[in-house]
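Summary of structural features
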Amino acid sequence: MADTVSRPGAQEWVPSRPTLPRLRSAVDDCRGCELYADATQAVLGDGPDDAPLLVVGEQPGDKEDLAGEPFVGPAGKLLDKALESAGIAPESVFRTNAVKHFRHEGTRGKQRIHKTPGRAHVVACQPWLLAELSVVRPVGVVLLGATAGQAVYGSSFRVGASRGTRMEWPSSLEIAATPEWVVPTVHPSSILRSRQRDADLEAFVADLRVAASLLP
Ligand code: URA
Ligand code: SF4
């Protein structure tokens, strides 16, 4: 069936001379894809504008959509704990998501059920991520899970093969200041769902230690 949804992409809503405050006030008006329609608000990244490390998740969840801030729910708590275990101060990190509006379908109790954003949403939303990167200019980037990985490396990216390794920023994705390295890993919500949480958390922390060792 023909896809009749309008997805012009975010570019026309991204301020041409971005700062974090400018991005934050502009993102809520974005109509780059249809996800704005069922979300409470857009959720831009948060953290120091000169953070040496920028972490990319998937999309805001139920709690983040309501709060307007990234990683304030259970996955964010686990991320903070893991960062600390890896020797990275959580407040020194800029956290954001590949997609800025919450995609969901149905409810479980009062919570709306997360639905993984599609390739078209990730592509449509990419200008916001690139704008954040051009403002923060991090030394390194950690990609949490497949959606974040695919936002940077394209749809062939797989977490399993690359997690915990130092990768190069792809030359196909031009930004003002290229990060020196990228370290992919799993998404913390996969650990929350896991039946072997302790082992998975340990492996996640080990991946984050690779990033910690590369930080200035
Ligand atoms: N999961 C994400 O990927 N991002 C958030 O902000 C919260 C949960
Ligand atoms: Fe714009 Fe991204 Fe929201 Fe789509 S998900 S409307 S591209 S901010």
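These numbers come from a predicted model, not from an experiment. (Residues numbered from 1 in each chain as written. Chains lettered and ligands numbered in written order. Predicted model: local features only at pLDDT ≥ 70, side-chain atom pairs only at ≥ 80, totals over all residues. Heavy atoms only, no water.)

Right, let's talk about the packing of aromatic side chains for a bit. Considering all chains together, one arrives at one aromatic pair under this definition. Measuring from ring centre to ring centre gives 5.8 Å for Tyr153 and Phe157, while their planes differ by 15°; the resulting arrangement is stacked. (Phe/Tyr/Trp six-rings, centres within 6.5 Å; stacked < 30°, edge-to-face > 60°.)

Take the site of ligand 1 next. Every residue lining ligand 1 is accounted for by Gly57, Glu58, Gln59, Glu64, Pro70, Phe71, Asn97 and His187. Separating an oxygen atom of ligand 1 from a backbone N or O atom of Phe71 is a distance of 2.9 Å. Notes on ligand 1: free accessible area 240 Å², of which the protein chains cover 92%. For the shell around ligand 1, the per-class residue count stands at two nonpolar, four polar and two charged. (Near = heavy atom within 4 Å. Polar contact = N/O pair within 3.5 Å; in protein donor to acceptor, adjacent residues only side chain to side chain. Areas by Shrake-Rupley, 256 points an atom, 1.4 Å probe, with all protein chains shown as cover. Nonpolar A, V, L, I, M, F, W, Y, C, P; charged D, E, K, R; others polar.)

Turning next to the environment of Lys77. Locating Lys77 in the fold gives a position in helix H3 (residues 74–85). Distance from Lys77 to Pro188, taken between C-alpha atoms, is 9.1 Å for residues 111 residues apart in sequence. (Helix = DSSP H or I, 4+ residues; strand = E, 2+ residues; numbered from the N terminus.)

By the secondary structure assignment, Glu64 is in helix H2 (residues 62–67). One buried charged side chain, Glu64, makes no salt bridge at all; its nearest oppositely charged neighbour is Lys63, positioned 7.8 Å away. Within the structure, Glu64 has its side chain in polar contact with the backbone nitrogen of Val72 (distance 3.1 Å). Those residues in contact with Glu64 that sit more than four places away from it in its chain are Val43, Glu69, Pro70, Phe71, Val72 and Gly73. (Buried < 20%, exposed > 50% of the residue type's maximum accessible area, 1.4 Å probe, protein only. Lys, Arg positive; Asp, Glu negative; His and termini not counted. Salt bridge = Lys/Arg side-chain N within 4 Å of Asp/Glu carboxyl O. Contact = heavy atoms within 4.5 Å.)

Here the focus is the pattern of salt bridges. Tallied over the entire structure, the rule returns eight salt bridges. A salt bridge links Asp80 to Arg95; the nearest nitrogen and oxygen atoms lie 2.7 Å apart. Of this pair, Asp80 sits in helix H3 while Arg95 sits in strand E2 (residues 93–97), and the two are 15 residues apart along the sequence. Classification of Asp80 by relative accessible area gives partly exposed; the value is 25%. As a salt-bridge pair, Glu105 and Lys115 come within 3.7 Å of each other at their nearest N and O atoms. Here the residue Glu105 occupies a position in strand E3 (residues 104–108), and Lys115 occupies one in the loop between strand E4 (111–114) and helix H4 (119–136), the gap between them amounting to 10 residues. Its relative accessible area of 29% is what places Lys115 among the partly exposed residues. Because the salt bridges share partners, they merge into one network encompassing Asp62, Asp65 and Arg112.

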